[in-house]
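In case you want the letters, here they are:
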Amino acid sequence: QVQLVESGGGLVQTGGSLRLSCAASGRTFSSYVMGWFRQAPGKEREFVSGINWGGGSTLYGDSVKGRFTVSRDNAKNTVYLQMNSLKPEDTAVYYCAADQRNWSPRGNEEAYEYWGQGTQVTVSS
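Now for a quick tour of the structure.

Thresholds applied
- Residues numbered from 1 in each chain as written.
- Predicted model: local features only at pLDDT ≥ 70, side-chain atom pairs only at ≥ 80, totals over all residues.
- Heavy atoms only, no water.
- Core = buried A, V, L, I, M, F, W, Y, C linked by side-chain atoms within 4.5 Å.
- Buried < 20%, exposed > 50% of the residue type's maximum accessible area, 1.4 Å probe, protein only.
- Helix = DSSP H or I, 4+ residues; strand = E, 2+ residues; numbered from the N terminus.
- Contact = heavy atoms within 4.5 Å.
- Polar contact = N/O pair within 3.5 Å; in protein donor to acceptor, adjacent residues only side chain to side chain.
- Pairing = 2+ DSSP bridges.
- Axes fitted to C-alpha atoms, helices over the stretch in contact; angles between N-to-C directions.

### Describing the nonpolar core
So, step 1. Leu4, Met34, Trp36, Leu81, Met83 and Tyr94 are the most contacted members of the largest nonpolar core, which totals 29 residues.
So, step 2. Contributing elements (two or more residues each) for this core: strand S3 (18-24), strand S4 (33-39), strand S5 (46-51), strand S7 (68-73), strand S8 (78-83), strand S9 (92-99) and strand S11 (119-124).
So, step 3. Apart from the residues within four sequence positions on either side, Leu81 is in contact with Leu18, Arg19, Leu20, Trp36, Val48, Ser49, Phe68, Thr69, Val70 and Tyr94.
So, step 4. Counting residues in each nonpolar core, the second largest holds six residues, with Phe37, Phe47, Ala97 and Ala111 among its members.

Written out as structure tokens, the structure is:
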């Protein structure tokens, strides 16, 4: 069982930056693929980014490539999402998720077994 808690969301102006954190419980965090998803009001949940256990394999959604960077610190049981050049369309609730079945990050939410409660990111124009 894994519990995930996101933090770092908030209100930021267009062009600004935020860093989200996701703290995980459990001794086997380092073996999980971790992912970030987001959901804007009235829209389906969207894949943002994923990272494999060692950090050597990452995956990004097309809308965030070149602006967002995912990383992890297994010693701290934490995965991060650095978000730069934020746009109003990045406004959403951001969720982290854990996948214990695959070796590399997947872009579909069905691959992830555990989910956090989410953190709100609002980008003002």
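On we go from here.
### Some words on unusual backbone geometry
So, step 1. Not every positive phi belongs to a glycine, and Asn77 is a case in point at roughly 50°.
So, step 2. By the secondary structure assignment, Asn77 is in the loop between S7 and S8.
So, step 3. Its identity as a non-glycine residue notwithstanding, Ser85 has a phi of 50°, on the positive side.
So, step 4. Position of Ser85 among the secondary structure elements: in the loop between S8 and S9.

### Looking at the side chain of Arg38
So, step 1. With respect to the secondary-structure elements, Arg38 resides in strand S4.
So, step 2. Given a relative accessible area of 5%, Arg38 falls into the buried group.
So, step 3. At 2.9 Å, the side chain of Arg38 forms a polar contact with the side chain of Tyr94.
So, step 4. Those residues in contact with Arg38 that lie beyond four places of it in its chain are Glu44, Arg45, Glu46, Val48, Ser63, Val64, Phe68, Glu89, Asp90, Ala92, Val93 and Tyr94.

### A look at the sheet that holds S8
So, step 1. Strand order in the open sheet formed by four strands is S1-S3-S8-S7, and the pairing between neighbours is antiparallel. One side of each edge strand has no neighbouring strand; the edge strands of this open sheet are strand S1 (4-7) and S7. Averaged over all adjacent pairs, the angle separating strand axes in this sheet is 15°, with direction ignored.
So, step 2. With four bridges connecting them, S1 and S3 associate as antiparallel partners. If you follow Val5 over to S3, its bridge partner there is Ala23.

### Some details on the environment of Pro41
So, step 1. If you trace the backbone, Pro41 turns up in the loop between S4 and S5.
So, step 2. The exposure class assigned to Pro41 is exposed, which follows from its relative accessible area of 75%.
So, step 3. Distance in space between the C-alpha atoms of Pro41 and Thr91 is 9.0 Å, their sequence separation being 50 residues.

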